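What follows is each chain in one-letter form.
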Amino acid sequence: MEAQEIIRCRGHSLVLGNHPTTFEVTCGEHLSENGNCIIGIAADKGCAGLSGEFRNILAHDDAVLVTRLFAGGIGSEVRSRGSVHLTLDHPTDIVWRRSTFTCGRTIGICSDRVAATLPRELIAALRNGEEMTVTLTVTRPG
């Protein structure tokens, strides 16, 4: 089983990209220096806007989520796990986590990258306000 979603957002001059355990994309238009996990704003959807098919596949412990981030000619890939504990009901936010913590904003757990480990060239492009495409591909056996 496989499903894909594409999210479009953009960077902001206050993107810091130095959070040690998460990264986030939000539909919000504003960013403060406290939002050091937020790498993209003005997203065209949050967790609640993902398709039912995508959400159903991701809500299993054996689901694998591959996220491809692309902005300013720079790309990065993040691998995460799904979980039966994902509710994916937050209307504006999407968060990838290194830990296994879940809430309505969480899209992936046990992520192999977080804001602080994303390529600095990608963070610089986002700090310059570049548009970002976030391609989400979820798969699971069977």
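Up top is the structure.
Residues numbered from 1 in each chain as written. Predicted model: local features only at pLDDT ≥ 70, side-chain atom pairs only at ≥ 80, totals over all residues. Heavy atoms only, no water.

A. Seen up close, the side chain of T106. Positionally, T106 belongs in strand 7 (residues 106-108). One polar contact links T106 to R97, side chain to side chain, over a distance of 2.8 Å. Only 3.1 Å separates the side chain of T106 from the backbone nitrogen of C103, close enough to count as a polar contact. Here T106 is in contact with C47, L86, L88, V95, R97 and F101, once residues within four sequence places are set aside. (Helix = DSSP H or I, 4+ residues; strand = E, 2+ residues; numbered from the N terminus. Polar contact = N/O pair within 3.5 Å; in protein donor to acceptor, adjacent residues only side chain to side chain. Contact = heavy atoms within 4.5 Å.)

B. Region of the structure containing the pattern of salt bridges. Per the counting criterion, the structure on display carries six salt bridges. Where K45 meets E5, a salt bridge forms, and the shortest distance between an N and an O atom there is 2.7 Å. Of this pair, K45 sits in the loop between strand 3 (38-40) and helix 1 (52-58) while E5 sits in strand 1 (residues 2-10), placing them 40 residues apart in sequence. Across the salt bridge formed by R105 and E24, the nearest N and O atoms sit 3.7 Å from each other. Of the two residues, R105 sits in the loop between strand 6 (93-97) and strand 7 while E24 sits in strand 2 (residues 22-26), which places them 81 residues apart along the sequence. Here R105 falls in the partly exposed class, since its relative accessible area comes to 25%. Salt bridges linked by common partners bring E24, D93 and R105 together as one network. (Salt bridge = Lys/Arg side-chain N within 4 Å of Asp/Glu carboxyl O. Buried < 20%, exposed > 50% of the residue type's maximum accessible area, 1.4 Å probe, protein only.)

C. How the structure looks around the packing of aromatic side chains. By the definition in use, this model includes one aromatic pair. Taking the centre distance of 4.4 Å and the plane angle of 5° together, the rings of F23 and W96 count as stacked. Of the two residues, F23 is situated in strand 2 and W96 in strand 6; the sequence distance between them amounts to 73 residues. No difference in accessibility class separates F23 from W96, as the two residues are buried. (Phe/Tyr/Trp six-rings, centres within 6.5 Å; stacked < 30°, edge-to-face > 60°.)

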